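Residue-level structural notes
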Amino acid sequence: MAVKIGRNDPCWCGSGRKYKKCHEAFDEKLEMFRLKGFPVLDHKLIKTPEQIEKIKESCKINIAVLDYVGEHIGPGVTTQQIDDWVHEVTVRHGGIPAPLNYNGFPKSVCTSINDVVCHGIPSEDIVLKEGDIVNVDVSTIYNGYFSDSSRMYMIGKVSPEKERLVRVTKECMEAGLEKVQPWTPIGNMGHAVHQHALDNGYTVVREIGGHGVGLEFHEDPWVSYTSEENSGVLMVPGMIFTIEPMVNMGKEDIWQDEEDGWTVRTDDGLPSAQWEIMVLVTETGHEVLCW
Ligand code: MF3
Ligand code: CO
């Protein structure tokens, strides 16, 4: 714990207001929950109103990019073309694609088709065909602030089984969103996601989860979508994280391609779907910042 701030000192959040008029009550409440045994996040991960405004600007670009993809995607499009669109639209808006060179990722976006769970690398050799389902995962840096969201696209006419997977995965994300309430543990959110998937005969990937986001691409906490109720860090106003479950039609087991170092696939070869939104915890509930 850091040195206690004086009540008349400037607040740690950078608002310029006196601590007693700003986050003192918040800290007291946080401390009360901490003493009750709830894990709480570091102050640094609580965003100030100014930071939230900047993050929202980044989100606007991310949303515009995904809208653009939705208007142009279809059979015959290569995933390299999607990469080109993402790069061009992002840069045109003054942003930088966050995936490019991130831990050595070679492209500007992840494109994950059918049994690819996530982190698919765009390529000229990968052509979308009728019946495919594809996740396009876009992340933007704008003025140093990060946004991250992904959507599923159905290519031409898709089988009812795949269509149902895509729909139910979105419902899982929405079921999680409903549980985003301040001063409750994040495990409730992940549990709701998982339960809806199980109720529909699907499984949820355990090893890969969501994350805090905003000042960095990936911040704490790591977010599970197979969590137990009443577990995990406390959600508090000002916290921003992603809800991005990967839902599998078959078993939950996955493997990573060792050759490209990125592509994650289902073990059983059955399809997987993912939707990702960025959520802000507010005083009264939540606000979706990016979708
Ligand atoms: N966009 C992914 C996420 O939702 C992360 C991709 S990392 C990359 O967290 F390097 F593959 F881009
Ligand atoms: Co993410």
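Figured I'd write up the structure that's included with this text. (Residues numbered from 1 in each chain as written. Chains lettered and ligands numbered in written order. Predicted model: local features only at pLDDT ≥ 70, side-chain atom pairs only at ≥ 80, totals over all residues. Heavy atoms only, no water.)

Let us now look at the site of ligand 1. Of all residues adjacent to ligand 1, which total 14 residues, the nearest are Asp 137, His 211, His 218, Glu 244 and Glu 276. For ligand 1, an oxygen atom lies 3.0 Å from a polar atom in the side chain of His 211. Between an oxygen atom of ligand 1 and a side-chain N or O atom of Glu 244, the distance comes to 2.8 Å. By residue class, the composition of the shell around ligand 1 is 6 nonpolar, 4 polar and 4 charged. (Near = heavy atom within 4 Å. Polar contact = N/O pair within 3.5 Å; in protein donor to acceptor, adjacent residues only side chain to side chain. Nonpolar A, V, L, I, M, F, W, Y, C, P; charged D, E, K, R; others polar.)

Now for the pattern of salt bridges. For the structure on display, the rule yields 14 salt bridges. Across the pair Lys 47 and Glu 219 runs a salt bridge whose closest N-O atoms are separated by 2.5 Å. Placement of the pair is Lys 47 in the loop between helix H1 (24-35) and helix H2 (49-72) and Glu 219 in strand E9 (residues 219-223), with a sequence separation of 172 residues. No difference in accessibility class separates Lys 47 from Glu 219, as the two residues are buried. Residue Lys 56 is joined to Glu 287 by a salt bridge in which the shortest nitrogen-to-oxygen separation is 3.0 Å. Of this pair, Lys 56 sits in helix H2 while Glu 287 is found in strand E17 (residues 286-290), placing the two residues 231 residues apart along the sequence. Accessibility expressed as a relative area gives 23% for Lys 56, which makes it partly exposed. Within the structure, one salt-bridge network assembled from shared partners comprises Asp 115, Asp 257 and Arg 265. (Salt bridge = Lys/Arg side-chain N within 4 Å of Asp/Glu carboxyl O. Helix = DSSP H or I, 4+ residues; strand = E, 2+ residues; numbered from the N terminus. Buried < 20%, exposed > 50% of the residue type's maximum accessible area, 1.4 Å probe, protein only.)

This paragraph deals with the sheet that holds strand E12 (residues 246-248). Strands sit in the order E7-E12-E15 across an open sheet of 3 strands; the sheet is antiparallel. Two strands close off the open sheet at either side, each with one partner strand: strand E7 (203-204) and strand E15 (272-274). As judged from the 2 bridges shared by E7 and E12, these two strands associate in the antiparallel manner. Bridge pairing in E12 links Thr 203 to Asn 248. Running at roughly 40 degrees to E15, helix H4 (residues 160-178) makes contact with E12 and E15 of the sheet. (Pairing = 2+ DSSP bridges. Contact = heavy atoms within 4.5 Å. Axes fitted to C-alpha atoms, helices over the stretch in contact; angles between N-to-C directions.)

Attention now moves to the packing of H2 against helix H3 (residues 79-92). Helix packing for two helices is described by the angle between their axes and how far apart those axes are. The geometry of H2 relative to H3 is characterised by a closest axis approach of 10 Å and an angle of 140 degrees between their N-to-C directions. Every pair of crossing elements has a handedness; the one defined by H2 and H3 is right-handed. For the pair H2 and H3, contact is made by Ile 61, Val 65, Tyr 68, Val 69 and His 72 and by Ile 82, Trp 85, Val 86, Val 89 and Thr 90, respectively. Looking at side-chain class alone, the contact of H2 with H3 contains 8 nonpolar, 2 polar and no charged residues. (Left-handed = near helix turned anticlockwise from the far one by under 90°.)

Strand order in the open sheet formed by 3 strands is E3-E14-E13, with antiparallel pairing between adjacent strands. For this open sheet the edge positions go to strand E3 (116-118) and strand E13 (254-256), each flanked by a neighbour on one side alone. Across the sheet, the mean angle separating the axes of adjacent strands is 40 degrees when strand polarity is ignored. Pairing geometry for E3 and strand E14 (residues 264-266), over 2 bridges, is antiparallel. Across the sheet, the residue bridging to Val 116 is Arg 265, located in E14.

What follows covers the coordination of the cobalt ion (ligand 2). Looking at the metal site, the cobalt ion (ligand 2) is ligated by Asp 148 (OD), His 211 (NE2), Glu 244 (OE) and Glu 276 (OE), spaced 2.1 to 2.2 Å from it. Geometry at the cobalt ion (ligand 2) is irregular, judged from the 6 donor atoms that bind it and their angles of 53 to 159 degrees at the metal. Counting gaps between the donor residues of the cobalt ion (ligand 2) yields the pattern D-x62-H-x32-E-x31-E. A residue pair is termed long-range when its members are at least 10 positions apart, and His 211 in strand E8 (residues 210-212) and Glu 244 in the loop between strand E11 (240-243) and E12 qualify at 33 residues. His 211 sits in the buried class, given a relative accessible area of 6%. (Donors = N, O, S within 2.8 Å, 3.2 Å for Na, K, Ca; no water. Tetrahedral: all angles 85-135°; square planar, octahedral: opposite > 155°, others 65-115°.)

Relative to the elements of secondary structure, Phe 146 occurs in strand E5 (residues 145-154). Overall, Phe 146 belongs to the buried group, its relative accessible area being 12%. Beyond its immediate sequence surroundings of up to four residues, Phe 146 is in contact with Ile 55, Ser 58, Ala 98, Thr 140, Ile 141, Val 213, Gly 214, Leu 215, Glu 216, Phe 217 and Met 278.

This part takes up unusual backbone geometry. Along the chain, Asp 220 connects to Pro 221 via a cis peptide bond; the corresponding omega equals 0 degrees. Turning to its location among the elements, Pro 221 is positioned in strand E9. One non-glycine residue, His 119, lies in the positive phi region at around 60 degrees. With respect to the helices and strands, the residue His 119 is situated in the loop between E3 and strand E4 (133-142). Among the residues examined, His 119 registers a relative accessible area of 26% and is labelled partly exposed.

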